[in-house]
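Summary of the model geometry
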Amino acid sequence: MKKVILLSELTFNSCMTYATIRLWNWGDYDVKVSFVPSSNLNEIVTQAIEIYDLVIAMGYQNIDQCWLDQKNQLAFLSHREDEQGGKLFLVPSKQKLKPANASLVKKIKKIANDQIKDGVRVDLLGYLSANGKNQAITNYLNLQRRYFQALSVVKRFYGKEEQIRLHQFFLLEIIDEPEDENQWIDTLIVKYNLMEHKNQKSLPLMLELNAN
């Protein structure tokens, strides 16, 4: 079994992309995901290439060029310089990926780009008004709303570690958890709104961001 890890910054599209990827059966590949802020990317890549057969970093703009020419087990899927949130492209490297790995990267790139396209599409008010009875679109937008609400709370009151935990639990909630058993995002938002209503300036330090 070949070990693969996908690295990404903390974004809604990443969570949705990884949810799709986690639901697939990748055969001989054991695919894991990890959310890594861009400031920590080089450190994590250094560790990951020693452990995994294939490392895929998605969405990062500022890539250390030394990585592109040293390893055939490392792939970067990045936006073009003139695009913000547009399609991902495989960044060229002098070291070519093995055919099987290249095929895997191509499939993952398609999943990510489909998610980017869908995310842009459902954000359009015209599309929503024309498809108001489409339950899948409504569910997607509700999920997106909850994500941005929760992330705004964490960014305001907590640090990087808690942001990463939020993404991990958000991903697991999308994939695994029945709706009535895992509402940790809503619980977090409710506590935040209550404290805002009472004009409190900060949240308790021990508020847990967990899915239990």
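Before going into details, it helps to say that this report is about the structure given with it. (Residues numbered from 1 in each chain as written. Predicted model: local features only at pLDDT ≥ 70, side-chain atom pairs only at ≥ 80, totals over all residues. Heavy atoms only, no water.)

Here we look at the overall build of the chain
Scanning the chain from terminus to terminus reveals eight helices and five strands. Along the chain, from the amino end to the carboxyl end, the secondary structure elements read β-α-β-α-β-α-β-β-α-α-α-α-α. Partitioning the intrachain contacts of the chain with sequence separation of at least 6 by distance along the chain shows that 62% fall at a separation of at least 24. Per element, the accessible surface of the chain, about 12,400 Å² overall, is 51% carbon and sulfur. (Helix = DSSP H or I, 4+ residues; strand = E, 2+ residues; numbered from the N terminus. Contact = heavy atoms within 4.5 Å. Areas by Shrake-Rupley, 256 points an atom, 1.4 Å probe, with all protein chains shown as cover.)

Here we look at the pairing of strand β4 (residues 74-79)
Across the six residues of β4, six count as buried, placing the element largely inside the fold. Because side chains alternate across β4, one face comprises the buried residues L74, F76 and S78, and the other comprises A75, L77 and H79, equally buried. Bridging between strand β3 (residues 54-58) and β4 involves four bridges; their strand directions are parallel. Bridging across to β4, I56 finds its partner in A75. By the bridge criterion, three bridges tie β4 to strand β5 (residues 88-90) in an arrangement that is antiparallel. Among the inter-strand pairings, H79 is bridged to a residue of β5, identified as L88. (Buried < 20%, exposed > 50% of the residue type's maximum accessible area, 1.4 Å probe, protein only. Pairing = 2+ DSSP bridges.)

Focus: the sheet that holds β5
Strands belonging to one sheet form pairs held by backbone hydrogen bonds; the direction of such a pair is parallel or antiparallel. The strand order across the open sheet built from five strands is β2-β1-β3-β4-β5, with neighbouring strands paired in mixed fashion. The open sheet has two free edges, formed respectively by β2 (29-35) and β5, since each of these has just one partner strand. Sheet twist, expressed as the average angle between the axes of neighbouring strands with direction ignored, equals 20°. Pairing of strand β1 (residues 2-8) with β2 involves seven bridges; the strand directions are parallel. Its bridge partner being in β2, S8 is matched across the sheet by F35. (Axes fitted to C-alpha atoms, helices over the stretch in contact; angles between N-to-C directions.)

What about helix α7 (residues 160-175)?
In an α-helix, one turn spans 3.6 residues, which is why side chains three or four residues apart end up on the same side. Compared with an ideal rise of 1.5 Å per residue, which puts 16 residues at 22 Å, α7 spans 23 Å between its outermost C-alpha atoms and is within 8% of the ideal. Within α7, the full set of buried residues consists of Q163, I164, L166, H167, F169, F170, L171, E173 and I175. (Expected span 1.5 Å × (residues − 1).)

Focus: the side chain of N113
By the element assignment, N113 lies in helix α4 (residues 99-123). In terms of polar contacts, N113 uses its side chain to reach the backbone amide nitrogen of L88, at 2.6 Å. When residues no more than four places from it in sequence are discounted, the contact partners of N113 are K87 and L88. (Polar contact = N/O pair within 3.5 Å; in protein donor to acceptor, adjacent residues only side chain to side chain.)

Examining the nonpolar core
With 44 residues, the main nonpolar core has V4, L6, Y18, I21, W26, I56 and I108 as its most contacted residues. Among the elements that take part in this core, helix α6 (residues 135-157) stands out by supplying seven residues, more than any other. Residues within four places of I108 in sequence aside, it is in contact with L6, I21, W26, I56 and M58. If you look at the next biggest cluster of nonpolar residues, it comprises 14 residues, including L41, I49, A57 and Y60. (Core = buried A, V, L, I, M, F, W, Y, C linked by side-chain atoms within 4.5 Å.)

Considerations on helix α2 (residues 41-51)
All of the buried residues along α2 are L41, V45, A48 and I49. One side of α2 holds all its buried residues, which, seen down the axis, span an arc of 95°. (Arc of directions from axis to C-beta.)

Some details on the environment of N101
Turning to its location among the elements, N101 is positioned in helix α4. N101 gets classed as buried once you look at its relative accessible area, which sits at 5%. C-alpha separation for the pair N101 and N72, spaced 29 residues apart in sequence, amounts to 9.5 Å. When sequence neighbours within four positions are dropped, the list of residues in contact with N101 reads K2, Y29, D53 and L54.

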